[in-house]
Amino acid sequence: MNVTFKTAEKADLSNITATYNAAVKSGGITADTHLQTIEERLQWFEVHLQSQSPVWTITQNESYCGWMSLSVFYGRPAYQGCKEISLYLNSNAQGLGIGKLALKHAIEYSKTHNIHTLLAFIFKRNQSSRALFTQMHFIQWGLLPKIAVFEDYAEDLELYGLKL
């Protein structure tokens, strides 16, 4: 399996948006309650560019299969070495070990870019993400009970952290 990570470009926003919207549709993965437009994702992407926070596309055997990003956490100077990690894979790329490779890539990047802590915010019902991050030595550092309120239920949000 040949998996590669490439710094995302604006031309990748169509794929990134489609992957993200699939997660919105499936529920329990993201707190967004409506599908995102490419224009909305462009605003998100530009924030990443301005803050020098990476967004990568992920390919398997030269075919796009998902994306990953590191985002500014909380925006205060003392948290500069802390980043929130997001990882979204297309459904046909899940369960193949690509997520582990992606997290390894983010960890190695972080070690060489003055990042000392990675944080992941994962809904309690998202068993596969919780298992993946736990396998990669992230530890549950917190629980925000029923903090995300959707149309027909409230969801717990778990905070996972990894000190590098």
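Rules used in this analysis
Residues numbered from 1 in each chain as written. Predicted model: local features only at pLDDT ≥ 70, side-chain atom pairs only at ≥ 80, totals over all residues. Heavy atoms only, no water. Salt bridge = Lys/Arg side-chain N within 4 Å of Asp/Glu carboxyl O. Helix = DSSP H or I, 4+ residues; strand = E, 2+ residues; numbered from the N terminus. Pairing = 2+ DSSP bridges. Axes fitted to C-alpha atoms, helices over the stretch in contact; angles between N-to-C directions. Contact = heavy atoms within 4.5 Å. Buried < 20%, exposed > 50% of the residue type's maximum accessible area, 1.4 Å probe, protein only. Arc of directions from axis to C-beta. Right-handed = clockwise from strand over helix to strand, strands pointing away. Core = buried A, V, L, I, M, F, W, Y, C linked by side-chain atoms within 4.5 Å. Polar contact = N/O pair within 3.5 Å; in protein donor to acceptor, adjacent residues only side chain to side chain.

This part is about the pattern of salt bridges. Evaluation of the coordinates by the stated rule reveals six salt bridges. For glutamate 155, the salt bridge identified is with arginine 125, shortest N-O distance 2.6 Å. Taken together, the residues span a long stretch of sequence, with glutamate 155 in strand E7 (residues 154-163) and arginine 125 in the loop between strand E5 (117-123) and helix H4 (127-135) at a distance of 30 residues. For arginine 130, the salt bridge identified is with glutamate 158, shortest N-O distance 2.8 Å. Here the residue arginine 130 occupies a position in helix H4, and glutamate 158 occupies one in strand E7, the gap between them amounting to 28 residues.

Quick look at the sheet that holds strand E4 (residues 82-89) now. The sheet built from seven strands is open, its strands ordered E1-E2-E3-E4-E5-E7-E6 with mixed pairing. Whereas interior strands pair on both sides, the edge strands pair on one side only; in this sheet they are strand E1 (3-7) and strand E6 (139-149). The average angle at which neighbouring strand axes cross in this sheet is 25°, direction not considered. In this structure, E4 lies alongside E5, joined through three bridges in parallel fashion. In the sheet register, cysteine 82 faces E5, and the bridge partner there is threonine 117. In the packing of helix H1 (residues 13-26) onto the sheet, the strands contacted are strand E2 (55-60), strand E3 (63-72) and E4, and the crossing angle to E3 comes to about 80°. The strands that helix H2 (residues 38-50) touches are E2 and E3; relative to E3, the one it contacts most, it runs at about 55°.

Let us now look at H4. An α-helical turn contains 3.6 residues, so any two residues separated by three or four positions project in the same direction. For H4, the full list of buried residues reads Arg130, Leu132 and Phe133. One face of H4 carries all of its buried residues, which in axial projection span an arc of 165°. Relative to its buried face, H4 has exposed residues pointing more than 90 degrees away, namely Gln127 and Ser128. Where the residues of H4 are buried, they touch E4, helix H3 (98-111), E5 and E7. Looking at the residues trailing H4, positive phi occurs at histidine 137, about 75°.

We now examine the pairing of E4. E4 sits mainly inside the fold: seven of its eight residues count as buried. The sheet contact formed by E3 and E4 spans seven bridges and is antiparallel. Opposite serine 69, over in E4, you have serine 86 as the bridge partner. Handedness of the crossover joining E4 and E5 through H3 is recorded here as right-handed.

Take the nonpolar core next. Across soluble globular proteins, nonpolar side chains have a tendency to be buried as a group. In this structure, Ile58, Met68, Ile85, Leu87, Phe133 and Phe138 are the most contacted members of the largest nonpolar core, which totals 25 residues. For this core, the elements supplying multiple residues, two or more each, are E2, E3, E4, H3, E5, H4 and E7. A total of five residues in this core trace back to one element, the largest contributor, which is H3. With residues up to four places along the chain from it excluded, the contact list for methionine 68 reads Phe5, Pro54, Val55, Trp56, Ile58, Ile85, Ser86, Leu87, Ala102, Leu103, His105 and Ala106.

On to the side chain of histidine 48, then. Considering the arrangement of structural elements, one finds histidine 48 in helix H2. Among the polar contacts listed, one links the side chain of histidine 48 to the backbone oxygen of tryptophan 44, at a separation of 3.1 Å. Apart from residues lying up to four places away in sequence, histidine 48 is in contact with Ser53, Pro54, Val55, Ser69, Leu70 and Ser71.

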